[in-house]
Amino acid sequence: MHADAVERVAERARELADGYQPPSFSQVPGPDAAIFLCAIDHRTGYRGRYLVGGKGPFEGSALLWAVGLQAARRQRGQLTAARLSDVTPERVAELFRIGGETVVDPERRAALWRDLAAGLERDHGGEAEALLAAAAGLLGGTGGLLGLLARYDAYADPLSKKSFLFAKICVRRGWLEVHDPESWEVCADNVLMRLALRSGLVHPGTGEEVRAATRVAFGQVAGTAGIEPPVLDDLLWELGRDDPDLLGTAGGDLSEPPRDPASAWY
């Protein structure tokens, strides 16, 4: 990446941030619902767009969250370690069914939920709130939130994409106060990778090379633009999901690297 590209993209990010309001996640009822939905928030496979509870229409990840939260409202305690310790693929498919379809790979999602439920029971009495308390306001380090979450399969991503999402939700809902804000990073999913490539912020390469470079590059953009990394992350994902040219086209006609079909993180 080049300094001039960082400056150019930072200037564009400042323009986009003017008046932008990141999501409040007010619809998430508690840390347990957040930790379990973050754990399976990857490649939903939904093809359609649907209204959920009269709101929407939702698609993709937003649809997964809307359907999951609706189920949690209908039956209290649905998204807790106690209820998900022995969850089956059939139950996962039923939980996220809408309009005649459901999420792909319910087997993998059920396994992630069972592992997380068992881990929370073992380490934190089955409560996400106790995990947050154990982090003591820290994101980084083995005893910080990211390190505590990394013990579980769903959160073992070396780039901590799901962990940062969970942390972001907890901060905005008032469940977590971060004492080491320097530990925040912009995540690097396929939407942000595509933006980084097309804007010329990073160079083409393998999927992991581009992913790592995207994370570093947008970290520099956040610092240069004076935008908190979690806010920049939301801004780029929300506005760039349907606009690959949001940050410019200096990189040429490039798309994000192909997804890893075996990955439980992206």
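In this text, all values refer to a predicted model and were calculated from it rather than measured experimentally. (Residues numbered from 1 in each chain as written. Predicted model: local features only at pLDDT ≥ 70, side-chain atom pairs only at ≥ 80, totals over all residues. Heavy atoms only, no water.)

1. Some details on unusual backbone geometry
Phase 1: Between glycine 56 and the following residue, proline 57, the backbone shows a cis peptide bond with an omega angle of 5 degrees.
Phase 2: Along the polypeptide, proline 57 turns up in strand β2 (residues 55–58).
Phase 3: Located in the positive-phi region is phenylalanine 25, a residue other than glycine, with phi close to 60 degrees.
Phase 4: Tracing the chain through its elements places phenylalanine 25 in the loop between α1 (3–17) and α2 (31–39).
Phase 5: On the basis of relative accessibility, which here comes to 11%, the residue phenylalanine 25 falls in the buried class. (Helix = DSSP H or I, 4+ residues; strand = E, 2+ residues; numbered from the N terminus. Buried < 20%, exposed > 50% of the residue type's maximum accessible area, 1.4 Å probe, protein only.)

2. Description of the environment of proline 22
Phase 1: One can find proline 22 in the loop between α1 and α2.
Phase 2: Taking the C-alpha atoms as reference, proline 22 lies 6.2 Å from valine 231; in sequence the two are 209 residues apart.
Phase 3: Not counting the four nearest positions on each side in its chain, proline 22 is found in contact with Arg172, Val231 and Asp234. (Contact = heavy atoms within 4.5 Å.)

3. A look at the pairing of β2
Phase 1: Pairing of strand β1 (residues 50–52) with β2, which is carried by 2 bridges, proceeds in the antiparallel orientation. Bridge pairing in β2 links valine 52 to lysine 55.
Phase 2: Here β1 folds back onto β2 in antiparallel fashion, the turn holding 2 residues, of which glycine 53 has a positive phi close to 60 degrees. (Pairing = 2+ DSSP bridges.)

4. Some points on helix α10 (residues 190–198)
Phase 1: Within α10, 9 of the 9 residues are buried, which leaves the element mostly enclosed by the surrounding structure.
Phase 2: Listed as buried for α10 are Asn190, Val191, Leu192, Met193, Arg194, Leu195, Ala196, Leu197 and Arg198.
Phase 3: Looking at the packing, one finds that the buried side of α10 touches α11 (207–225) and α12 (229–240).
Phase 4: Structurally, the start of α10 carries an N-cap: the backbone nitrogen of valine 191 is 3.2 Å from a side-chain oxygen of aspartate 189.
Phase 5: Of the residues one or two after α10, glycine 200 is the one with positive phi, at around 85 degrees. (Polar contact = N/O pair within 3.5 Å; in protein donor to acceptor, adjacent residues only side chain to side chain.)

5. Section: the pattern of salt bridges
Phase 1: Evaluation of the coordinates by the stated rule reveals 15 salt bridges.
Phase 2: Note that aspartate 245 and arginine 198 form a salt bridge whose closest N and O atoms lie 2.7 Å from each other. Pair noted here: aspartate 245 is in the segment after α12 and arginine 198 is in helix α10, with a separation of 47 residues, a long-range link.
Phase 3: In this structure aspartate 245 comes out as partly exposed when scored by relative accessible area, which is 33%.
Phase 4: Residues joined by salt bridges that share partners form a network here, namely Lys168, Arg172, Asp233 and Asp234. (Salt bridge = Lys/Arg side-chain N within 4 Å of Asp/Glu carboxyl O.)

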